[in-house]
Amino acid sequence: MPERDEARGVPRGLEPLGPSAVERQARLTRRELLKVGALGAAGLAAAGGALTLRPGGAVAREAEGGRVQGGAASAHGWHGGNGVVGTLEPGGFDPTAYLTHFETGRVSRLASGQVLREFDLVAVDREIEVAPGVFFPAWTYNGQVPGPTLRCTEGDRVRVHFVNAGSHPHTIHFHGIHAAAMDGVFELVEPGQSYTYEFDAAPFGLQLYHCHALPLKRHIHKGLYGVFIIDPREGRPPARELVMLMNAFDTNFDNENEVYAVNTVAFHYQRHPIPLTVGEPARIYLVNMTEFDLINSFHLHGNFFRLYRTGTDLERYEWTDTVTLCQGERAVIEFTYEHAGPFMFHAHQSEFAELGWMGIFDVREAPRV
Amino acid sequence: MSEVTSDWASRPGSVEGEGRYEDAASVADTPAGSPARALRGVTAAKGLAPLVLLAALVLLFFRFGPAGVFQQAFPPIEALTIERVTLPAPGEMRVRVVNGGPEPVTIAQVMVDDALWRHSVDGGRTIGRLERRTIRIPYPWVEGEPHRIVLVTSTGLTFATQVDVATRTPQPDGRTLSSFALLGIYAGVVPVFLGLLWLPFLRDVHRRWLDFFLCLTMGLLVFLGVEAFDEALGTSALVAGAFQGTALVLIGVVGTPLALAAVSRRWSRRGGSSPLYLAGAIALGIGLHNLGEGLVIGSAYASGEIALGTFLVIGFLLHNTTEGLGIVAPVVAAAGAQRVTPGFRRLVGLGALAGAPTILGAWIGGFSYSPLWTTLFFAVGAGAILQVVYEIWQFFARRGNVSLADPLNAAGLLMGLALMYTTGLFVAA
């Protein structure tokens with residue numbers, strides 16, 4: 001089930017003011033808090049109500065008032081200013097929902113007893129919002145970038161009904177072991193046509209799918225990709241599972257990315273931190289589909305994680321806090337937080353982080369029963 | 001003017017070469033209700049008919065859009081022009097932007113040094129055609145280092161600008177006003193007055209040598225005029241597209257001489273043909289040029305692009321002292337011809353007219369630089385200088401027996417150019 005609880009997405013101390021206010025609220029880093037403290041009551045007064053003291057001593061700030069905030073500007077300006085302004089248009093892609101949404105398909109059994117999972121994917125042209133107010137003319141699977149996360153178990157029969165409702169020829173190329181005709185490379189699906197991909201899910205691990213029509217670079221960076229998870233038969237240990245696809249957008253089409261993100265929207269998880277609980281095991285399905293700057297990375301703050309490269313082996317590969325992936329590479333990472341508080345995660349390419357690929361885990365103490 | 005607007009067919013008796021003003025007066029004196037008056041009404045209707053139809057068509061298009069196939073077939077062309085970046089305080093940047101494109105543009109995000117940065121826009125984020133906005137970015141800029149600012153619009157297009165050397169933008173207070181005034185005095189006033197001190201020398205030289213200096217003045221002025229024209233064209237490239245920088249240059253360069261010629265004709269008709277007129281016109285032309293120069297110096301100084309070192313001050317002294325010579329040479333020549341001597345106060349007035357605008361320019365340039373105004377000032381300056389060169393030429397023509405082909409005169413003109421070029425080496429920053 002998608003995590004839609006907005007209130008849980010807000011760090012402790014910034015209690016929600018109501019659904020609309022939550023969207024407009026921007027959190028302060030500790031450094032900003034110190035600065036506000038140093039500024040003192042006079043500074044707060046000078047800010048003319050732009051700063052609001054909240055119960056618990058934390059400070060909420062209007063991120064976007066369209067007005068310069070006098071004393072507040074000097075208080076928050078400095079190093080806390082990295083981020084975006086404004087809000088996403090309602091009704092569009094919700095990265096918070098995407099994190100935990102898995103499509104498991106229509107399930108039935110073949111005569112042989114094998115599980116059959118059927119999926120529908122439709123390629124459509126759609127304008128998407130990659131940062132508040134910044135729109136990108138994308139090519140999508142099912143109207144979203146990344147496409148829906150498809151999930152099955154090793155050995156399942158997977159049947160994907162693909163319809164091309166877009167304006168250019170497209171395909172779906174699944175990573176995995178399958179017949180050549182199911183590889184989604186040479187069988188171009190023209191606009192208005194359809195194609196059915198069918199194969200047995202193998203090997204287990206973290207796979208992906210993307211369009212393989214030419215020119216490949218454009219078909220990928222326009223948004224035709226998604227995550228494809230094949231679970232091992234015995235399953236993985238229970239954990240809070242999150243899907244993170246590292247992507248980027250060249251909004252002015254100069255073959256350089258303007259916006260970097262995990263799950264499309266720049267700074268989304270900075271503005272809407274992902275709630276976790278101390279002691280709760282977490283698992284991230286991490287995929288890199290960055291175009292142009294192909295090498296991307298994931299760095300976790302205040303913690304280390306177990307790394308399973310491609311997720312095709314249940315033995316941990318490394319115990320680390322940073323992993324680097326080239327385009328198309330993926331990794332399963334597992335960790336448990338020992339301390340409560342806000343913890344950053346981001347690309348350890350500073351430029352990518354500052355252009356949007358940065359988020360926050362809001363780790364809370366487990367509720368006492 | 002009356003010649004242009006009246007119908008030529010209605011005045012068959014008008015003779016080419018007749019006094020224009022008298023003719024205009026006679027038309028105005030025609031009694032109301034006369035056949036001529038009625039004819040004029042019909043003529044006016046003929047002139048206005050296409051305009052009325054044009055207005056109706058514009059209204060129709062505004063309401064219903066143009067008939068045809070070219071509506072919304074392609075994404076709108078966005079054209080933002082970043083006019084000025086200021087750093088008013090540590091940790092604060094301000095970007096002034098104008099929309100010179102055909103469609104409204106929405107600023108969605110701002111990047112500084114390849115990082116998305118929070119900011120605010122005074123007024124709405126959507127900028128209408130020819131509208132301006134100021135974007136305030138609380139960013140920890142670093143003294144002496146370059147910074148790059150990129151505006152991202154709602155369609156994902158980007159508009160970039162660069163702060164070459166970050167330094168705090170001077171605020172208009174007593175101290176900066178006086179230091180900018182000093183800048184103008186060094187670059188404009190002092191050199192011009194120094195040049196004026198050649199007056200006694202020029203009075204003593206032989207007529208042939210005076211001609212030489214007049215030709216030298218022409219050389220100086222031609223150089224200054226071309227320089228101003230080049231500056232005007234250069235800055236016109238920075239003007240937002242809709243304001244048509246090149247057209248502004250054209251208007252300035254062509255319009256100014258015409259306006260000055262009209263004014264001078266008025267003066268001479270009133271019998272006030274002063275020997276100082278030519279010098280006054282030259283001083284005005286040089287003053288307009290120096291206004292533009294002040295703008296550039298002030299702006300460059302404010303943005304930290306130039307440091308006003310000893311070398312540059314000396315350069316301006318050498319370069320602009322020639323301007324003073326340019327003013328007094330025609331004064332002496334004209335005075336000599338008409339046996340009038342300019343008074344001390346008039347000379348000071350001429351020097352102030354030519355030099356003081358540098359101070360004004362430095363103030364304007366330092367505190368609110370605008371490519372549009374800079375372009376216009378330089379174009380007007382170029383036009384004024386062009387007019388002045390023409391006036392000196394006329395002066396020679398009236399006196400007769402002066403030729404540029406004369407080796408001494410030709411040498412003077414060339415030396416004027418060479419002098420400006422050589423001294424210009426010192427200010428080429």
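Summary of the structure given here.

Reading guide: rules and limits
- Residues numbered from 1 in each chain as written.
- Chains lettered and ligands numbered in written order.
- Predicted model: local features only at pLDDT ≥ 70, side-chain atom pairs only at ≥ 80, totals over all residues.
- Heavy atoms only, no water.
- Helix = DSSP H or I, 4+ residues; strand = E, 2+ residues; numbered from the N terminus.
- Buried < 20%, exposed > 50% of the residue type's maximum accessible area, 1.4 Å probe, protein only.
- Contact = heavy atoms within 4.5 Å.
- Axes fitted to C-alpha atoms, helices over the stretch in contact; angles between N-to-C directions.
- Parallel < 35°, antiparallel > 145°, perpendicular 65-115°, else oblique.
- Left-handed = near helix turned anticlockwise from the far one by under 90°.
- Polar contact = N/O pair within 3.5 Å; in protein donor to acceptor, adjacent residues only side chain to side chain.
- Phe/Tyr/Trp six-rings, centres within 6.5 Å; stacked < 30°, edge-to-face > 60°.
- Lys NZ or Arg CZ within 6 Å of the ring centre and 35° of its normal.
- Buried area = accessible area lost by both parts, 1.4 Å probe.
- Nonpolar A, V, L, I, M, F, W, Y, C, P; charged D, E, K, R; others polar.
- Disulfide = S-S within 2.5 Å.
- Pairing = 2+ DSSP bridges.
- Expected span 1.5 Å × (residues − 1).
- Patch = residues over 30% accessible without salt bridge, like charges linked within 9 Å, V, L, I, M, F, W, Y side chains within 5 Å.
- Areas by Shrake-Rupley, 256 points an atom, 1.4 Å probe, with all protein chains shown as cover.
- Salt bridge = Lys/Arg side-chain N within 4 Å of Asp/Glu carboxyl O.

### Observations concerning the overall build of chain B
Now for step 1: Within chain B, the secondary structure is distributed over 13 helices and 9 strands.
Now for step 2: Taking all 429 residues of chain B together, 46% fall into the buried category.
Now for step 3: Taking the contacts inside chain B whose residues are at least 6 apart along the sequence as the reference set, 76% of them involve residues at least 24 apart.

### Details of the packing of helix α4 (residues 174-196) of chain B against helix α11 (residues 357-367) of chain B
All names here are of chain B.
Now for step 1: Where α4 contacts α11, the two axes come as close as 7 Å, and the packing angle between them is 135°. Judged by the angle between their axes, α4 and α11 are oblique. α4 and α11 meet at a crossing whose hand is right-handed. Together, T176, L177, F180, A181, L183, G184, I185, A187, G188 and V189 of α4 and T358, I359, A362, W363, G366 and F367 of α11 make up the contact between the two elements.

### Looking at the side chain of N164 of chain A
Residues and elements named next belong to chain A.
Now for step 1: Tracing the backbone through its elements, the reader meets N164 in strand β8 (residues 157-164).
Now for step 2: From its side chain, N164 meets the backbone nitrogen of G166 in a polar contact 2.8 Å long.
Now for step 3: The contact partners of N164, leaving out residues within four places of it in the chain, are A123, P169, H170, V189, E190, P191, G192 and Q193.

### Considerations on the packing of aromatic side chains
Residue and element names in this part refer to chain A.
Now for step 1: One pass over the full model with this rule turns up 29 aromatic pairs over all chains.
Now for step 2: Aromatic pair Y269 and F345: ring centres 6.5 Å apart, planes at 35°, arrangement tilted. Note that Y269 is positioned in helix α6 (residues 268-271) and F345 in strand β22 (residues 341-346), a separation of 76 residues in sequence.
Now for step 3: Through successive ring pairs, a cluster of aromatic residues spans Y269, F298, F305, F335, Y337, F343, F345, W357 and F361.
Now for step 4: Cation over ring: R151 sits above F102, and NZ or CZ is 4.6 Å from the ring centre.

### Quick look at the interface of chain B and chain A
Now for step 1: Each side of the interface is counted separately: chain B has 26 residues, and chain A has 31 residues.
Now for step 2: Ranking the residues of chain B by area buried against chain A places Q109, L116 and R118 of chain B at the top, with a combined share of 33%.
Now for step 3: The set of elements that each furnish at least two residues to the side of chain B that touches chain A consists of β3 (105-112), β4 (115-117), β5 (120-121) and β8 (147-153) of chain B.
Now for step 4: Counted by class, the side of chain B that touches chain A contains 11 nonpolar, 10 polar and 5 charged residues.

### Considering the state of the cysteines
Now for step 1: The full count for this structure, using the stated rule, is 0 disulfides over all chains.
Now for step 2: Of the cysteine sulfurs around C211 of chain A, a residue in no disulfide, the closest is that of C326 of chain A, at 19 Å.

### Side note on the sheet that holds strand β9 (residues 173-174) of chain A
All names here are of chain A.
Now for step 1: Ordered in space as β7-β12-β11-β9, the 4 strands form an open sheet in which the pairing is mixed. The open sheet terminates on both sides in strands that have one partner only, identified here as β7 (147-153) and β9.
Now for step 2: With 6 bridges connecting them, strand β11 (residues 205-210) and strand β12 (residues 225-231) associate as antiparallel partners. Across the sheet, the residue bridging to H210 is Y225, located in β12.

### Observations concerning the pairing of strand β23 (residues 358-364) of chain A
All names here are of chain A.
Now for step 1: Across the 7 residues that make up β23, a large majority, 6, are buried.
Now for step 2: Where strand β15 (residues 274-277) meets β23, 4 bridges bridge the pair, whose relative direction is parallel. Note on β23: the bridge partner recorded for I274 is F361.
Now for step 3: Bridge analysis of β22 against β23 gives 6 bridges, and the strand direction is antiparallel. When the bridges of β23 are listed, H346 appears paired with M358.

### Observations regarding helix α12 (residues 371-399) of chain B
Now for step 1: Over its 29 residues, α12 of chain B runs 42 Å from end to end, which matches the ideal 42 Å to within 8%, given 1.5 Å per residue.
Now for step 2: Phi turns positive, to about 65°, at G400 of chain B, one or two residues after α12 of chain B.

### Notes on a nonpolar patch on the surface
All names here are of chain B.
Now for step 1: On the surface, a nonpolar cluster with roughly 630 Å² of combined accessible area is contributed by L48, L51, V52, L54, V58 and F62.
Now for step 2: Locating L48 in the fold gives a position in helix α3 (residues 35-64).
Now for step 3: We classify L48 as partly exposed; its relative accessible area is 48%.

### Description of the pairing of β12 of chain A
Looking along a regular strand, one sees the side chains alternate between the two faces of the sheet.
All names here are of chain A.
Now for step 1: Judged by how many residues are buried, β12 sits mostly within the fold: 7 of 7 residues are covered.
Now for step 2: Taking every second residue as pointing to the same face, both faces of β12 are buried, with Y225, V227, I229 and D231 on one and G226, F228 and I230 on the other.
Now for step 3: Pairing of β7 with β12 involves 5 bridges; the strand directions are parallel. Pairing of T153 across the sheet is with D231, part of β12.

### Details of the pattern of salt bridges
Now for step 1: This structure, assessed with the given rule, holds 20 salt bridges over all chains.
Now for step 2: One salt bridge connects R157 of chain A with E198 of chain A, and the closest N-O pair in it is separated by 2.9 Å. Here R157 of chain A is found in strand β8, whereas its partner E198 of chain A is found in strand β10 (residues 194-200), with 41 residues between them in sequence.
Now for step 3: With relative accessibility at 21%, the residue R157 of chain A sits in the partly exposed group.
Now for step 4: In this structure, the salt-bridge partner of R207 of chain B is D211 of chain B, at a minimum N-O distance of 3.9 Å. In this pair, R207 of chain B and D211 of chain B are both assigned in helix α6 (residues 207-236), 4 residues apart and thus about one turn of the helix distant.

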